[in-house]
Amino acid sequence: MRPIVFVPACTRDFGEHPYHAAQHKYVDAVVLGADCAPLILPSLGEALDLETMLALCDGIMLTGSASNVHPSYYSEELLDPSLPQDPARDQTTLPLIRAAVKRGIPIIAICRGFQEMNVALGGSLFQAVQAVPGHFDHRENPELGMDEQYGDAHKVQLVEGGMLHEIIGLPEIPVNSLHGQGVNELAPGLVVEATAEDGLVEAFSVKGAPGFTLAVQWHPEWRIVHNPHSMKMFGAFGAACRAYRSTKRTPT
């Protein structure tokens with residue numbers, strides 16, 4: 001049996017009804033890249049039975065989203081109320097991350113998920129990277145088609161000897177860029193794995209974590225089977241999920 005990977009849902013309204021939703025491309029990445037079985041986790045906040053859920057899963061993928069982590073979680077006021085929020089997802093993923101890291105459950109985090117991990121573990125975010133002196137505008141152009149929005153936007157430099165460098169085997173790779181927020185203060189215990197040309201943190205891992213943890217600011221899930229770098233990342237994540245699953249089956 002394949003390992004079970006939780007994909008925490010966003011909360012969205014479609015028509016007059018609220019939904020727990022996850023985009024196809026993230027679910028596909030778990031199947032095609034990690035060779036695991038995805039299970040969409042509803043964003044129930046405090047109503048979620050965290051212990052039961054963690055006992056079921058072998059890995060977690062934190063997805064990107066149009067919404068942002070609410071800045072109250074890193075002691076700031078909301079600068080732009082027009083930007084979408086998802087309080088139910090915040091209330092679900094932030095404690096989920098802390099509990100999963102402690103237990104050694106493998107995690108791969110993308111875009112909003114990358115930002116969630118930093119905030120959950122004690123870091124802070126730039127609410128508008130493009131307004132910070134010395135940083136580029138990392139947002140996509142909404143007037144372009146999807147293939148162009150998710151096309152290569154800039155390169156990231158991988159930290160030599162780091163986990164991501166060992167997985168990919170190159171000093172730098174091109175990535176897409178579709179985010180307005182980014183890491184300001186890196187949480188204690190996080191290790192930089194890659195940076196953009198303007199110095200913005202683009203990937204990190206958790207130092208000393210008992211399990212696989214990798215968070216990236218770009219979108220490796222996009223057309224994953226056509227991107228060998230993304231396939232290597234998800235392949236490493238899938239291998240970690242299988243290893244974690246095997247420990248659960250080992251007799252005591």
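Since we're looking at a predicted model, the values are computed, not measured.

## Things to note about the pattern of salt bridges
Any two side chains of opposite charge can pair, given that their charged atoms come close. All chains considered together, the criterion is met by 11 salt bridges. Residues D35 and R2 are paired through a salt bridge, measuring 2.7 Å at the closest nitrogen-oxygen approach. Of this pair, D35 sits in the loop between α1 (24–32) and β4 (37–41) while R2 sits in the segment before β1 (4–8), and the two are 33 residues apart along the sequence. Exposure remark for D35: the relative accessible area of 37% places this residue in the partly exposed category. Via salt bridges that share partners, R89, D90, R112 and E116 belong to a single interconnected network.

## Points about the pairing of strand β6 (residues 107–110)
Of the two faces of β6, the one holding I107 and A109 and the one holding I108 and I110 are both buried throughout. Of the pairings in the sheet, the one linking strand β5 (residues 59–62) to β6 comprises three bridges and is parallel in character. Looking at β6, one finds that M61 is bridged to I108.

## Describing unusual backbone geometry
In the Ramachandran plot, S75 falls in the positive-phi region, its phi being about 60° despite a non-glycine side chain. Locating S75 in the fold gives a position in the loop between β5 and α3 (87–103). One non-glycine residue, R223, lies in positive phi territory at about 45°. With respect to the helices, strands and loops of the structure, R223 is situated in the loop between β13 (213–216) and α7 (228–249).

## Observations concerning a nonpolar patch on the surface
Side chains of V31, L32 and V225 sit close together on the surface and give an oily, nonpolar patch of about 250 Å² of accessible area. With respect to the secondary-structure elements, V31 resides in helix α1.

Criteria and thresholds
Residues numbered from 1 in each chain as written. Predicted model: local features only at pLDDT ≥ 70, side-chain atom pairs only at ≥ 80, totals over all residues. Heavy atoms only, no water. Salt bridge = Lys/Arg side-chain N within 4 Å of Asp/Glu carboxyl O. Helix = DSSP H or I, 4+ residues; strand = E, 2+ residues; numbered from the N terminus. Buried < 20%, exposed > 50% of the residue type's maximum accessible area, 1.4 Å probe, protein only. Pairing = 2+ DSSP bridges. Patch = residues over 30% accessible without salt bridge, like charges linked within 9 Å, V, L, I, M, F, W, Y side chains within 5 Å. Areas by Shrake-Rupley, 256 points an atom, 1.4 Å probe, with all protein chains shown as cover.

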